[in-house]
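Close look at the chain arrangement
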Amino acid sequence: MAGRFLLVVAVALLLRPGDASVHEYRGLSFANKGNAFILHAGSEGLYAASHANTTAEDAAAVAEALIRFDKITFRRSEDTNNSVKETSSAKVQVLIFEIEDREMIGGSAYGGQKAICCTSDLAKLGACTEGSVIYRPSQVNPGWPKLFVASFDGSDLIATLPSRTIPITKTGIYNMYFIHCDPSLASLEIEGKTIWKNPTGYLPGRMAPLKNFFGLMSFAFVVLGIYWFYQYMKSWREVLPLQNCITLVITLGMFEMALWYFEYAEFNETGVRPKGITFWAVTFGTVKRTAAEVIVLIVSMGYGVVTPTLGGLTSKVVMLGGTFFLATEILELVENLGAVNDLSGKARLFLVYPVAILDAAFVIWIFISLAKTIGKLQARRLMAKLDIYRKFATALIISVLVSVGWIGYEIYSKSTDVFNERWQHAWIIPAFWHVLSFLLLCVICYLWAPSQNSMRFSYDASEFFDRKDNISLIRPAPSASKNGWNLSSTPEPKATKDVNTVADFEGDDEENKRE
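Residues numbered from 1 in each chain as written. Predicted model: local features only at pLDDT ≥ 70, side-chain atom pairs only at ≥ 80, totals over all residues. Heavy atoms only, no water.

Per an unreviewed UniProt entry, the protein goes by Lung seven transmembrane receptor family protein and derives from Zea mays. Quoted straight from UniProt, the Subcellular location (unreviewed entry) entry for the protein says "Membrane". (UniProt positions renumbered as here; feature names shortened; annotations may be inferred.)

**Thoughts on the pattern of salt bridges**
Counting across every chain of the model gives 9 salt bridges. Across the salt bridge formed by K193 and D70, the nearest N and O atoms sit 3.8 Å from each other. Of this pair, K193 sits in strand 10 (residues 189-197) while D70 sits in strand 4 (residues 66-75), and the two are 123 residues apart along the sequence. When its relative accessible area of 22% is taken as the criterion, D70 is described as partly exposed. Residue E103 pairs with K114 through a salt bridge whose shortest N-O separation is 4.0 Å. Within this pair, whereas E103 is found in the loop between strand 5 (91-98) and helix 4 (120-124), its partner K114 is found in the loop between strand 5 and helix 4, the two being separated by 11 residues in sequence. Counted as one network, the salt bridges with shared partners bring together E98, E100 and K170. (Salt bridge = Lys/Arg side-chain N within 4 Å of Asp/Glu carboxyl O. Helix = DSSP H or I, 4+ residues; strand = E, 2+ residues; numbered from the N terminus. Buried < 20%, exposed > 50% of the residue type's maximum accessible area, 1.4 Å probe, protein only.)

**As for the UniProt feature "transmembrane region" (unreviewed entry) in the protein**
Summarizing the sequence annotation, UniProt attributes the feature "transmembrane region" (unreviewed entry) to residues 213-230, 242-262, 277-306, 313-331, 351-371, 392-411 and 431-449 in the numbering used throughout. From the first C-alpha to the last, residues 313-331 spans 27 Å; its make-up is 95% helix and 0% strand. Note that residues 351-371 is 100% helix and 0% strand, and that its end C-alpha atoms are spaced 32 Å apart.

**Description of helix 7 (residues 275-300)**
Taking 1.5 Å of rise per residue, the 26 residues of helix 7 would be expected to cover 38 Å, and the 37 Å separating its terminal C-alpha atoms lies within 8% of that figure. Looking one or two places after helix 7, you find G302, whose phi comes out positive at around 85°. (Expected span 1.5 Å × (residues − 1).)

So this is what it looks like as structure tokens:
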């Protein structure tokens, strides 16, 4: 049932338009805000092309940053047209502005409520033309904001916005809105697209650095893989099941980073996300993340080191891992294949909360299990294994503290950057989590690297018994004299104590089997 639900979600996301530098408009409606009807048409960070220290020929060869209109048409219904036949021509306006110029949009008469469309009071003051969008020229960016108009002439049902290209000469985050001030156009339909381009390609400015980042991460995984597989092949006769699991995680990481790099490269070339590659990049990443969480959990439980099996906990571990995979896969598919404005805040939280809760469940269970395992190793004086687990615990504690600190930074950053003015550094937030998980994987690879002595870290049933207990187990049985007296030199109560000691270890063994 869960697999079928995930398949339906994936197909639905693959078939609908997603986040891209080519923004397509179809089936979208205008929202009534104040005295205006507004449709958000796009928002992207754009870098201005740099022609410094270049010749004229080189400058002409540099790809320009631009926004281009492509066959945008507005259609009004016949009922609306019949009701306004005798009125003046209606119009739709396209407003483009850089985020620093947001205060130049809108106005008010006599200190009243700010309006987007020019009111009669403002028109009387000569500040604007009634029915038009209110804006003032920018003092720092000459020629901006920009306003374009598509008019319905007479009884025409369709208004067309002429194709044009707007060059970007200042680096910033640009917003585009379709606006009309005529209530009779409330059922207006729009078709067409706009194309947003940076000098280096179609990747949005907030995402552009991630292409090089995933290229570097792919190289880092290759280096880690070469080291690991070399150690693996050199000591393949001594390989533990846990080391096979680590090999799986490294392989999945290689595929994930390579797929993300090719996904961003294709996106940069075409302006549209290659949804097939995106789907597999998300899936490989989710499988890797789930496998890593499960491996850290079973290592913390002492699987293969303190206990030979997980016993009755196996089904619980599988259930938690499967649920975590399903919740994470749906969240990642929606965020990477869905359009930016598809999810409201409440809908996004509905998907984020389950992943956060399951992630917290993993962390709590990991540290509880790790504390028990370290306690058992201390009690049995297994110093080599104890040293590894202490280093592993230190690495986990550091990673959790760093994660909590980074989450706090994310919350602070998003709460203080309402208008995305720090968009050029936004790529660091997702990149950080990839780097942190990679570093933790490197620590695990270092601690559990295959070697000729790997088997000394595996589970050994003989470690359940102390040397003194072994001696007591092989002690000769007491002999009887001819007259029936006990000739043993050891008092009977001592023998009883030894039997109880053996029974305690047997009970401990049964407890480990249940775990």
